[in-house]
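# Tertiary structure, described
Here is how the chains run, residue by residue.
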Amino acid sequence: MRKALGADYIIDFDMNIIKDGWLVFHNGKIDFLRYEPEGEFHEKLKLVNTIIIPSFVNAHTHLEFSLMDFEPSKIESFFDWLLWIISNRQKLDKEEIKNGVNRGIELSEKWGTSFFGDISSFGVSRNIVQNGIVFNEILGKFFNENAEPSLSIHAVYSTSVETMKKVVKKSLKYGTLYQMHVGETAEEQKFVRGEPNLFETLIYPTIGRKRFENVYAENIITYLEKIGVLTPLLIAVHCTNLSRKELGKLMEKGCGIVICPRSNIFLKTGFPDVEFLIDYEKLAMGTDGLSSNTSLSMISEIKTTYIKTEGKVNIKKLLKAATIGGAKVLNIESDYKRSGMLTAITTEKRISDPLTALLMDDIKVNAFDLKGEKVLNSLRQFSDN
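Residues numbered from 1 in each chain as written. Predicted model: local features only at pLDDT ≥ 70, side-chain atom pairs only at ≥ 80, totals over all residues. Heavy atoms only, no water.

## Focus: the side chain of Ser297
Keep this limit in mind: Only DSSP runs of H or I reaching four residues or more are called helices, and only runs of E reaching two or more are called strands; each is numbered from the N terminus. Side-chain atoms alone can form a polar contact between residues adjacent in sequence; in general such a contact is a pair of N or O atoms within 3.5 Å, and within protein one must be able to donate a hydrogen while the other accepts it. In what follows, a contact means two residues having at least one pair of non-hydrogen atoms within 4.5 Å.
Tracing the backbone through its elements, the reader meets Ser297 in the loop between strand S13 (283-285) and helix H10 (298-308). At 3.4 Å, the side chain of Ser297 and the backbone nitrogen of Ile299 are in polar contact. Apart from the residues lying within four places of it in its own chain, the contact partners of Ser297 are Trp111, Arg262 and Thr287.

## Some remarks on the pattern of salt bridges
Basically, it comes down to this: The term salt bridge refers to a side-chain nitrogen of Lys or Arg lying within 4 Å of a carboxyl oxygen of Asp or Glu. Only protein chains enter the accessibility calculation, which uses a 1.4 Å probe; a residue whose area is less than 20% of its type maximum is buried, one above 50% is exposed, and one in between is partly exposed.
Per the counting criterion, the structure on display carries 23 salt bridges. Across the salt bridge formed by Glu71 and Lys74, the nearest N and O atoms sit 3.3 Å from each other. Residue Glu71 is classed as partly exposed on the basis of its relative accessible area of 30%. Note on Lys74: relative accessible area 58%, which makes it exposed. Residues joined by salt bridges that share partners form a network here, namely Glu225, Lys249, Glu252 and Lys253.

## Section: the pairing of strand S8 (residues 132-138)
Rule in force here: Two strands form a pair only when DSSP identifies at least two bridges running between them.
In terms of residue burial, S8 counts as a mostly covered element, since six of its seven residues are buried. Where strand S7 (residues 113-120) and S8 come together, five bridges link them in parallel fashion. For Ile119, the partnering residue across the bridge sits in S8 and is Phe135. When S8 meets strand S9 (residues 151-153), the two strands line up parallel, connected through three bridges. Its bridge partner being in S9, Glu137 is matched across the sheet by Ser152.

## So, the pairing of strand S14 (residues 341-347)
One face of the sheet, then the other: side chains in a regular strand alternate in exactly this way. The element S14 is largely enclosed, with a buried count of seven among its seven residues. Bridge count between strand S5 (residues 50-54) and S14: five bridges; the pairing is antiparallel. Across the sheet, residue Ile53 finds its bridge partner in S14, namely Thr343. Here S14 runs beside strand S15 (residues 363-369); their pairing, made up of seven bridges, is antiparallel. When the bridges of S15 are listed, Thr347 appears paired with Ile363.

## Observations concerning unusual backbone geometry
Cis rather than trans, the peptide bond between Pro149 and Ser150 has omega equal to 10 degrees. Even without being glycine, Asn27 reaches a positive phi, approximately 55 degrees. For Asn27, the location among the structural elements is in the loop between strand S2 (17-26) and strand S3 (29-33). Of note in this structure, Glu310 is not a glycine but carries a positive phi near 55 degrees. Locating Glu310 in the fold gives a position in the loop between H10 and helix H11 (315-322).

## With respect to the nonpolar core
As a rule of thumb, nonpolar side chains are buried together in soluble globular proteins. Note the cut-off: We call a set of buried residues a nonpolar core when its members are Ala, Val, Leu, Ile, Met, Phe, Trp, Tyr or Cys and they connect through side-chain atoms within 4.5 Å of each other.
With 128 residues, the main nonpolar core has Ile52, Tyr223, Val229 and Leu250 as its most contacted residues. Beyond its immediate sequence surroundings of up to four residues, Leu250 is in contact with Ile221, Leu230, Leu234, Ala236, Cys239, Leu242, Cys255, Ile257 and Tyr280. The next biggest cluster of nonpolar side chains, apart from the first, holds five residues, and it includes Ala4, Trp22, Val24 and Leu33.

## Side note on the layout of surface pockets
A probe as big as a water molecule, rolled over the atoms, marks out the empty space that is left. Cut-off, in case you're wondering: A cavity here means a set of 1 Å grid points, computed over protein atoms only, where a 1.4 Å probe fits but cannot escape. A pocket is an open set with protein on both sides within 12 Å along at least 5 of 7 lines, and lining residues have an atom within 4 Å of a point. Grid points are joined across faces, edges and corners, and a volume is the space filled by probe spheres set on the points.
In this structure, the largest pocket spans a volume of roughly 540 Å³. Along the wall of the largest pocket there are 27 residues; nearest its centre are Leu82, Ile86, Arg89, Leu139 and His154. Top contributing element to the lining of the largest pocket by residue count: helix H1 (residues 78-89), with six residues.

## Some points on helix H7 (residues 244-253)
This is how it is decided: Picture the helix axis, draw a direction to every C-beta atom, and the arc is the one those directions span.
Buried within H7 are the following residues: Glu246, Leu247 and Leu250. Across the axial projection of H7, the buried residues extend over an arc of 100 degrees, all falling on one side. Exposed positions of H7 whose direction lies more than 90 degrees from the buried face are Lys245 and Glu252. Tucked into the core, H7 has its buried residues touching helix H4 (187-193), helix H6 (220-226), strand S11 (234-238), strand S12 (256-259) and helix H9 (274-277). Just past H7, the residue Gly254 takes up positive phi, approximately 80 degrees.

The following block contains the structure:
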């Protein structure tokens, strides 16, 4: 079933920008063209004031928390937020969690996202999220040997060393990726060095526990390397409080890196060193979840990062991290390219620069699947409205 779609600008998987371009979808393959295709098509459409880009990949989400009422103005620090999460996460019942996941997916699609690297804390999103990878979250010191990969080590302060080792062992056995929050806060550096830190002086007394093991290192990355967590299967998330030497070590090891800029701003944990990371092939972006962000918009992550870095980071490179970069980090690049899932961005005025258009406020965004019936007709209605 051949379909042809044209637009003012089309950006392909290699981030080539094609003016007045077309794409043809047939048998699970997309061809990007610089001319209008000829021949018979099941559907054919040329959109105006529109950019077609690869689907956004939200490489780090917590969709199960999508119904939590996050209010940034009430959060004074990461630790205020962490105590809030601890006290509220167990109040959610399975139906609320399920509704939250479905709501999160619905909102994501409205922002042009079809693929996820989602963290499942309750085992709910694994049965709902269809595109991408869902990681089972692992916390504490007891590891369920029946835990199904892919797995997510929560953090150095919340998961025991022995449990982390078991997660890595199982992941290496099956060749599956594992995610981990790495260096989200400066207090994690103090924690791994054995210095006084707010995890041990504030959080642990609140939940009635102590440090699991007395294992220490000079920094977080050395700590992870020491206990065997630093492998090419690791996806390090946030990386907000890592030195360039530590970031360089992650890249040297071939780890995936996911930055979540707005979540870091809202939780006051700093900002990732995007200028240093931007040319790394396995760099992705994520929104975190609606428990620490105001939307699931990947475009807002791009805009925020561009503004925060005062335009020093190329918009095209940020778009790459938010799309094909996420697919590479999640190791789903082949399925991603063959999925037929793309994103349309429509403006109210003529587009002179498709990259600048990503920074505009008056745009409409729509995720669409070329495999669907009459999908181009739906795009026409979207564009007209």
